[in-house]
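Observations on chain architecture
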Amino acid sequence: MFPIVRLIKDLLVARRMPPLDLTETHVSRHICWPWDLDIWMELNNGRAMTLYDLGRTMLAQRVGLIGALRSRRWGMTVAGTTVRFRRRIRGFERFEMRSRAVAWDNRFVYLEQSMWKSNGDCASHVMLRTAITDANGIVSPQEVLKAIGRPDGTPPQMPGWIKAWCDADAGRPWPPMMPSQPAAQQTSVPDDTLA
C-alpha cells in the first residue's frame, strides 16, 4: 500500500522549507519502519523505490513544480530507471535521502536520488528518466521551466554515465520479446515514444 500519510506529512514539511533551484539537492530524513521490511528484516527494495517517490515529491514541492502540475492538470511519470543497492537498511534505522535533477533534454528530466546511512555509507542510488505529461503526451522541460518561473533554464551538461545509460537503453527491444515470438519480429524503438 502506498504510504499516503507519509506523503502528506512530507509535503507539509516541504512546504515549510525554503525553495530550491531545480538542480539543488533536497535532503530528507526517514526511518525504516516495520512495514517497510522484507523477510530478511531489511528495507524491501520495492519499498525503497516507493520512498524515493516521496523524496521526488518533496523536491517537486520545493522547486515549485507541484503548483504548476495542479494549475495545468499535468502529471509526473517515470519513463526509465536504473538502481544500485549496496548497503542494507535495517528496521528502525534512520537514513537520509538526497534528491536532485541532474540534467534534461528536449523531453525528459534526469533525476538522481540516494539513501545514506548514519555512518556515511551510501545504501542505494537511483537515476530516473522522468517526464511531465498532459492530455497530448510529454510536456517539454522548457515549457515546464517557464511554468515554474525559470524560463532561462539552460540544461546542465549531462554526465557521461547517464548518456551511456540512455544510449544502451535505446537499443533495448520494445515491445519486449515474448518467449514464443521469433527474434526476427522484434523491433527497437527510441525511448522518446512515451505518450
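Refer to the structure above for everything that follows.
The next thing to look at is the overall build of the protein chain. Secondary structure assignment for the protein chain yields five helices and six strands. In the protein chain, the succession of α and β elements from N to C terminus is α-β-α-α-β-β-β-β-β-α-α. In terms of overall dimensions, the protein chain is globule-like: its C-alpha atoms have a radius of gyration of 18 Å, near the 16 Å expected for 195 residues. The dimensions of the protein chain, computed from C-alpha atoms along their principal axes, are 50 × 45 × 30 Å. Sorting the 195 residues of the protein chain into buried and exposed places 41% on the buried side. Look at the contacts in the protein chain between residues 6 or more apart in sequence, and 69% of them connect residues 24 or more apart. When the accessible surface of the protein chain is summed, it comes to about 11300 Å², and 55% of that surface belongs to carbon and sulfur atoms. Where the 26 positive side-chain charges of the protein chain centre and where its 19 negative ones centre are 5 Å apart.

Moving on to the nonpolar core. Grouped together as the largest cluster of nonpolar side chains are 35 residues, with contacts concentrated most on Leu43, Leu51, Leu65, Trp74, Ile89, Met115 and Ile132. Going through the elements one at a time, α1 (4-15), α2 (45-62), α3 (65-72), β3 (94-104), β4 (109-117), β5 (122-134) and α4 (141-147) are the ones with two or more residues in this core. The element contributing the most residues to this core is α2, with six residues. Among all residues touching Leu51, those that are not within four sequence positions of it are Arg6, Leu43, Phe95, Met97 and Met115. Formed by 10 residues, the second largest nonpolar core is a distinct cluster that contains Ala131, Ile138, Ile162 and Cys166.

Criteria and thresholds
Residues numbered from 1 in each chain as written. Predicted model: local features only at pLDDT ≥ 70, side-chain atom pairs only at ≥ 80, totals over all residues. Heavy atoms only, no water. Helix = DSSP H or I, 4+ residues; strand = E, 2+ residues; numbered from the N terminus. Rg over C-alpha atoms; globule rule 2.2 N^0.38 Å. Buried < 20%, exposed > 50% of the residue type's maximum accessible area, 1.4 Å probe, protein only. Contact = heavy atoms within 4.5 Å. Areas by Shrake-Rupley, 256 points an atom, 1.4 Å probe, with all protein chains shown as cover. Lys, Arg positive; Asp, Glu negative; His and termini not counted. Charge placed at Lys NZ, Arg CZ, Asp CG, Glu CD. Core = buried A, V, L, I, M, F, W, Y, C linked by side-chain atoms within 4.5 Å.

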